[in-house]
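Overview (structure and organization)
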Amino acid sequence: MNPAWVWFGLMALALIGEVMTGTFYLLMVAVGFAVAGIAAWLGVDIAWQLVLCAAAVVLCTLLLKRLNVLKKRGGPPSSNANVNMDIGQTVKVDAWNEDRTARVWYRGAHWQAELAPGAEPVAGQFVITEMRGNSLVLSPTR
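Residues numbered from 1 in each chain as written. Predicted model: local features only at pLDDT ≥ 70, side-chain atom pairs only at ≥ 80, totals over all residues. Heavy atoms only, no water.

1. Some thoughts on the pattern of salt bridges
For the structure on display, the rule yields four salt bridges. K92 is paired through a salt bridge with D94; the nearest N and O atoms lie 3.5 Å apart. For K92, a relative accessible area of 53% translates into the label exposed. A salt bridge links E130 to R132, with the shortest nitrogen-to-oxygen separation between them at 3.6 Å. According to the relative accessible area criterion, E130 is partly exposed, its value standing at 21%. Through salt bridges with shared partners, a single ionic network connects E114, E130 and R132. (Salt bridge = Lys/Arg side-chain N within 4 Å of Asp/Glu carboxyl O. Buried < 20%, exposed > 50% of the residue type's maximum accessible area, 1.4 Å probe, protein only.)

2. Considering the sheet that holds strand 4 (residues 124-132)
Spatially, five strands are ordered 1-4-5-3-2 in an open sheet, and the strand pairing comes out mixed. Edge positions in the open sheet fall to strand 1 (90-93) and strand 2 (101-106), since each of these has one partner strand only. Pairwise comparison of adjacent strand axes, ignoring direction, gives a mean angle of 50 degrees for this sheet. Of the pairings in the sheet, the one linking strand 1 to strand 4 comprises four bridges and is antiparallel in character. Directly across from T90, in strand 4, lies its bridge partner V127. (Pairing = 2+ DSSP bridges. Helix = DSSP H or I, 4+ residues; strand = E, 2+ residues; numbered from the N terminus. Axes fitted to C-alpha atoms, helices over the stretch in contact; angles between N-to-C directions.)

Coordinates in, geometry out; function isn't part of it.
If you want it as structure tokens, here you go:
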């Protein structure tokens, strides 16, 4: 059996793993396996196949890092609108308590809210900027 098929089989397994995880790192490994498979198809020695595989993985990973594809996006989940659908929504605060907390009506229920640092405790419209447990952190709308 041609060793190229082993490399291509490993490539297929890496691609399946990539689809299941979505990390992009297994995609780079799959590219390395493909390069090694092409080298094996051309009759290159196994030692060089391994070197080419490793070099392709490293080069592809560095390329993706340089293009910021592998960059971590967003902040902590508690204040990331891509993670928490409540971030960016507005609520009306009728009155603030002395401890900078309030009860607000949001999504059909009363929620505990707290005022973001530096904000003035006045009644009005506020935007949800963070979730701390079951409490909404509110900042004034601009």
